[in-house]
Amino acid sequence: MEHIYIYMLVALAFLAIADLIVGVSNDAVNFLNSAIGSKAVSFKTIMIVASLGVAVGALSSSGMMEVARKGIFNPSEFMFDEIMIIFMAVMITDILLLDFFNTLGLPTSTTVSIVFELLGASVCIASLKIAGDNQQNILDLGNYINNEKAIEIILGILLSVVVAFSIGAIIQYLSRLLLTFNFQNKPMVLGAIFSGFANTSILYFILIKGVKNAAFMSSDFKTLITDNNLALIGISFVVFTLISMALMQFFKLNIYKIIIVIGTFALAVAFAGNDLVNFIGVPIAAYNSYEAWSVSSVLPTEYAMVALSEPVATKPFLLLLAGLIMVLTLWFSSKARAVVKTSVDLSRQDDVKERFEPNFLSRNIVRMTIAASESFNSFLPQSTKNYIEKQFADHKVTTAIKPKDLPAFDLVRASVNLMVASVLISIATSMKLPLSTTYVTFMVAMGTSLADRAWGAESAVYRVAGVLNVIGGWFFTALSAFIAAAIMALILYYGGAYALTALLIFAAVVLIKNYLTHKKQSREQKIEDTLHKAESSSTQGVILESAGNISNVVRRGNKIYSSAVNGLATHNLKLLKKNKNQIEKLSNEIDDLKDNIYYFIKNLEDPSVNASNFYISVLSLLQDMAQSLNYISNASFKHVNNNHNKLKFSQIKELKEVDAVLEQIFTNTKQAFDSGSFEEIGKVLSEKHKLFDLVTEKIQRQVERTRSEESSPKNTTLYFSLLLETKDLLKATMSLLEEYYNAHDDSVQPATVHGQEEE
């Protein structure tokens, strides 16, 4: 009997390691997005600082482990075998759920996951116990659940949304009033005061409140700090302010960058201190349970887990090992970097292609907010409104930096993000409350971006929709975690060792499959298939820059057309569905380029305005090509998906002939653009009448077949549609080639964006 529990402990140890890797991949966004978004220091520096913070925070998280042992349920009401089932169900569910969200690239809350998984599994086992006991009913469920602490934790998570957003917005608003967007040119004393306030807050709440539970902190030091709180805060503020003045005055250092580095360290400490319980709390609680039961001589079905109700210190070497795994994940996980993008984009100061579509709720929230803002402003004196507008005037500096390389927001906002988030999380850690670091950091970032007027009329409805989507995802996580953990517990309760083995194999297969899929997608994305925005300011420069895009579209268009013909010939629905996804991806990329026209034109110098006309024409023709390919692909898919009759052999043969000639033209076109020999385009253009005549001939043959032979109406309609769209595809392609052939001039040196070095 004992062997099954050793088996479970070993499985829990491996699940803990995997959960650490998956969890950190998801939660890296929490302490990296502000530093990365501001581009204050290099990515390598950010990672080093964050790694040190994670290691320190891991050592301070011992007190939080009590949450997994007794924070959600009353352990004394469960037997040892039941507790082990709960813990196994929680860990299997947790790793699968987090990996699912990571694969989608969405940040979710590991705290929400673990809390509702513990709740779901314990409610399931408690319900089974009640059902098997005639002396109990469903109302006795409250005896099994630690209602007071569970409600405190859940309310804390929910309230953190409002608190983090509000405090972030208020602090950012006051900081911007004090420093403005032109903060670099403000008197040094203002920067020093801001630095003193920020660093004092971080010192007090991180090193005093947050780390007070760390094993390496002596009791005398803790007592000294506790008895002199106000004096410490006052002295720290004065010292940090004076140090900041000295650094700016004598060493010419940018104090805001220093705040961001310190803030990143502090937030990493707070994250690890608060969130480590989400990853290893359950396995450690299971190990503590086994230790208590193994020294007793009681059967596992009769041993009540009263021991978990008592405080137990977690061994420091386990915390350090967990911290090391977190640090390694931070450095080597590609998923961790993918998840960061969502939060950074939603809080960008500049215009960016929005990642979320507006919805009914986001539109109405924006309307109500605008109305409330206008009502509030009507009560302010005009002089006050003028002062506020002056302080919030965005002093943009003309720069040669490419738009994609600009920071998402400035150093002041990054500093406030880090300061407020780390302080709030540290307060929760000192109260042994597992706050959702994802909730806090994300909502602080949203609050500061709103206060900074980053959500303008052009972007507010999209940003609000993004916030609602992410928050909705967290609530979906809660529901999913509760139900999934309850189902897992039910399976383990009745299935025993066989069910455990099956679930572990299933989890391993899913994780490996998702890892390989993600790796394959990342590799494919690097190899091919993205179009690049033009950044030159002359027609010749745009011609050279866009050549790669044309080659890319032609190559992919050739593949899409051939796949459609082959899919129809073999009635291969899987191939046609994949082809449909490929053209959709290509169409979206061309749409992205068209969305960038505004920024492209703004970068042009007056004498080079013709470049915009050329670029717009090229994009329009690319879109025409994509629309024709889209129709051909969708029509082919729909025909096969609806189980219509196969095309006749003669029709397939003729389509193959057209495809072969089209493939030769596309291949020659690609070679011309790859080599930059635009004179070769003339040879391709000379062949256009041959292909047009071929398509016209095929249309005429089908007309004759339709009149003389019995044929399917669906087949005839599809065949005519494919040939007519092929004609349109040819027209767009040839028009594009003529545009290039006429515009290119080898004798003109292509100009680039002002100030940009030519490569």
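Residues numbered from 1 in each chain as written. Predicted model: local features only at pLDDT ≥ 70, side-chain atom pairs only at ≥ 80, totals over all residues. Heavy atoms only, no water.

S.K.: Is there a simple way to explain the overall build of the chain in this structure?
M.R.: Per the secondary structure count, the chain includes 26 helices and zero strands. Per-residue burial over the chain gives 51% buried out of 759 residues. Intrachain contacts of the chain at a sequence separation of at least 6 include 86% that bridge at least 24 residues. Per element, the accessible surface of the chain, about 35000 Å² overall, is 62% carbon and sulfur. (Helix = DSSP H or I, 4+ residues; strand = E, 2+ residues; numbered from the N terminus. Buried < 20%, exposed > 50% of the residue type's maximum accessible area, 1.4 Å probe, protein only. Contact = heavy atoms within 4.5 Å. Areas by Shrake-Rupley, 256 points an atom, 1.4 Å probe, with all protein chains shown as cover.)

S.K.: Help me out: how do you make sense of the packing of helix α23 (residues 649–675) against helix α26 (residues 713–743) in this one?
M.R.: Relative placement of two packed helices is described by the angle separating their axes and the distance separating the axes. For the pair α23 and α26, interaxial distance at closest approach is 12 Å and the crossing angle is 15°. Relative to α26, the element α23 lies roughly parallel. Between α23 and α26 the crossing geometry is left-handed. Contact with α23, carried on its side by Gln651, Glu654, Leu655, Val658, Leu662, Ile665, Phe666, Thr669 and Phe673, involves Asn715, Tyr719, Leu722, Leu723, Thr726, Leu729, Leu730, Thr733, Met734, Leu737 and Tyr740 of α26 and no other residues of that element. Tallied by class, residues from the contact of α23 with α26 come to 14 nonpolar, five polar and one charged. (Axes fitted to C-alpha atoms, helices over the stretch in contact; angles between N-to-C directions. Parallel < 35°, antiparallel > 145°, perpendicular 65-115°, else oblique. Left-handed = near helix turned anticlockwise from the far one by under 90°. Nonpolar A, V, L, I, M, F, W, Y, C, P; charged D, E, K, R; others polar.)

S.K.: Sorry, what's going on with the nonpolar core here?
M.R.: Across soluble globular proteins, nonpolar side chains have a tendency to be buried as a group. Counting residues in each nonpolar core, the largest one holds 139 residues, and the members touching the most others are Phe87, Met88, Leu276 and Ile280. Ranked by the residues each element gives to this core, the list is headed by helix α11 (residues 255–294), at 20 residues. Setting aside chain neighbours within four positions, we find Met88 in contact with Met8, Ala11, Leu12, Leu15, Leu492, Leu500 and Leu504. Core analysis: the next-biggest nonpolar cluster, separate from the first, contains 55 residues, Ile560, Ile632, Ala672 and Ile681 among them. (Core = buried A, V, L, I, M, F, W, Y, C linked by side-chain atoms within 4.5 Å.)

S.K.: Is there a simple way to explain the pattern of salt bridges in this structure?
M.R.: Opposite charge on two side chains lets them pair, provided their charged atoms get close. Going through the model one piece at a time under the given rule, you end up with eleven salt bridges. For Lys585, the salt bridge identified is with Glu589, shortest N-O distance 2.8 Å. Residue Lys585 and its partner Glu589 are located together in helix α20 (residues 573–595), separated by four residues, close to a single helical turn. One network of salt bridges, with partners in common, ties together Arg176, Asp410, Arg413 and Asp452. (Salt bridge = Lys/Arg side-chain N within 4 Å of Asp/Glu carboxyl O.)

S.K.: Explanation requested: a nonpolar patch on the surface in the structure shown.
M.R.: A surface patch of nonpolar side chains, amounting to about 590 Å² of accessible area, comprises Ile151, Leu155, Leu158, Leu159, Val163, Ile167 and Phe475. At six residues, the largest contribution of residues to the nonpolar patch is made by helix α7 (residues 147–179). By secondary structure assignment, the location of Ile151 is in helix α7. (Patch = residues over 30% accessible without salt bridge, like charges linked within 9 Å, V, L, I, M, F, W, Y side chains within 5 Å.)

S.K.: What is the right way to read α20 from this model?
M.R.: For an α-helix, the turn length of 3.6 residues means that residues three or four places apart are oriented alike. Taking 1.5 Å of rise per residue, the 23 residues of α20 would be expected to cover 33 Å, and the 33 Å separating its terminal C-alpha atoms lies within 8% of that figure. Turning to α20, its buried residues are Leu576, Asn579, Ile583, Leu586, Ser587, Glu589, Ile590 and Leu593. (Expected span 1.5 Å × (residues − 1).)

S.K.: Would you take a moment to explain the packing of helix α2 (residues 43–59) against α11 for this structure?
M.R.: Two elements in contact, α2 and α11, have axes separated by 7 Å at closest approach and are oriented at 35°. α11 is crossed by α2, and the crossing has right-handed handedness. Contacts between α2 and α11 involve Ile46, Val49, Ala50, Leu52, Gly53, Val54, Val56, Gly57 and Ala58 from the former and Val261, Thr264, Phe265, Ala268, Val269, Phe271, Ala272, Gly273 and Leu276 from the latter. For the contact of α2 with α11, the per-class residue count stands at 14 nonpolar, four polar and no charged.

S.K.: Which parts of the structure should I look at to understand the confidence of the model for the chain?
M.R.: As a note on interpretation, predicted positions should not be read in detail where pLDDT is low. The predicted model of the chain averages 80 in pLDDT, with 82% of residues at 70 or higher. Counting contacts from residues 397–406, a segment whose pLDDT is below 50, to residues more than four positions away or on other chains yields 14 contacts. Confidence drops under a pLDDT of 50 for residues 747–759, and excluding neighbours within four residues, the segment shows 24 contacts in the predicted structure. (pLDDT = per-residue confidence, 0-100.)

S.K.: Got a minute to help me understand the side chain of Ser195 in this structure?
M.R.: Locating Ser195 in the fold gives a position in helix α8 (residues 188–210). Accessibility expressed as a relative area gives 0% for Ser195, which makes it buried. Ignoring any residue separated from it by four or fewer positions in sequence, one finds Ser195 in contact with Ser244, Ile255 and Ile259.

S.K.: When you look at a positive patch on the surface in this model, what are you seeing that I'm missing?
M.R.: Where like charges cluster on the molecular surface, the positive patch consists of Lys520, Lys559, Lys574 and Lys578. Here Lys578 is to be found in helix α20. Residue classification places Lys578 among the exposed positions, given a relative accessible area of 56%. (Lys, Arg positive; Asp, Glu negative; His and termini not counted. Charge placed at Lys NZ, Arg CZ, Asp CG, Glu CD.)

S.K.: Whenever I open this one, the packing of aromatic side chains confuses me. Can you help?
M.R.: A full pass over the atoms with the stated rule returns eleven aromatic pairs. Aromatic pair Phe183 and Tyr256: ring centres 4.9 Å apart, planes at 75°, arrangement edge-to-face. Of the two residues, Phe183 sits in the loop between α7 and α8 while Tyr256 sits in helix α11, which places them 73 residues apart along the sequence. In terms of burial, Phe183 and Tyr256 fall into one category: buried. Through a chain of ring-to-ring contacts, three or more aromatic side chains come together here, namely Tyr5, Phe80, Tyr290 and Trp293. (Phe/Tyr/Trp six-rings, centres within 6.5 Å; stacked < 30°, edge-to-face > 60°.)

S.K.: What exactly am I supposed to notice about the environment of Arg367 here?
M.R.: Here Arg367 lies in helix α14 (residues 360–377). By relative accessible area, which is 53% here, Arg367 ends up exposed. Taking the C-alpha atoms as reference points, Arg367 and Ala460, 93 residues apart in sequence, are found 10.0 Å from one another.

S.K.: Would you take a moment to explain the environment of Val56 for this structure?
M.R.: Position of Val56 relative to the elements: it lies in helix α2. The class of Val56 is partly exposed, set by a relative accessible area of 27%. Measuring from C-alpha to C-alpha, the distance between Val56 and Ala268 comes to 8.6 Å, with 212 residues separating the pair along the chain.

S.K.: What is the right way to look at unusual backbone geometry in this model?
M.R.: Both trends apply: most residues other than glycine have a negative phi, and most peptide bonds are in trans. For Lys252, which is not glycine, the phi dihedral falls at a positive 55°. With respect to the secondary-structure elements, Lys252 resides in the loop between α10 (229–250) and α11.

S.K.: Would you take a moment to explain the environment of Ala307 for this structure?
M.R.: Here Ala307 is to be found in the loop between α11 and α12 (316–332). The exposure class of Ala307 is partly exposed, given its relative accessible area of 25%.

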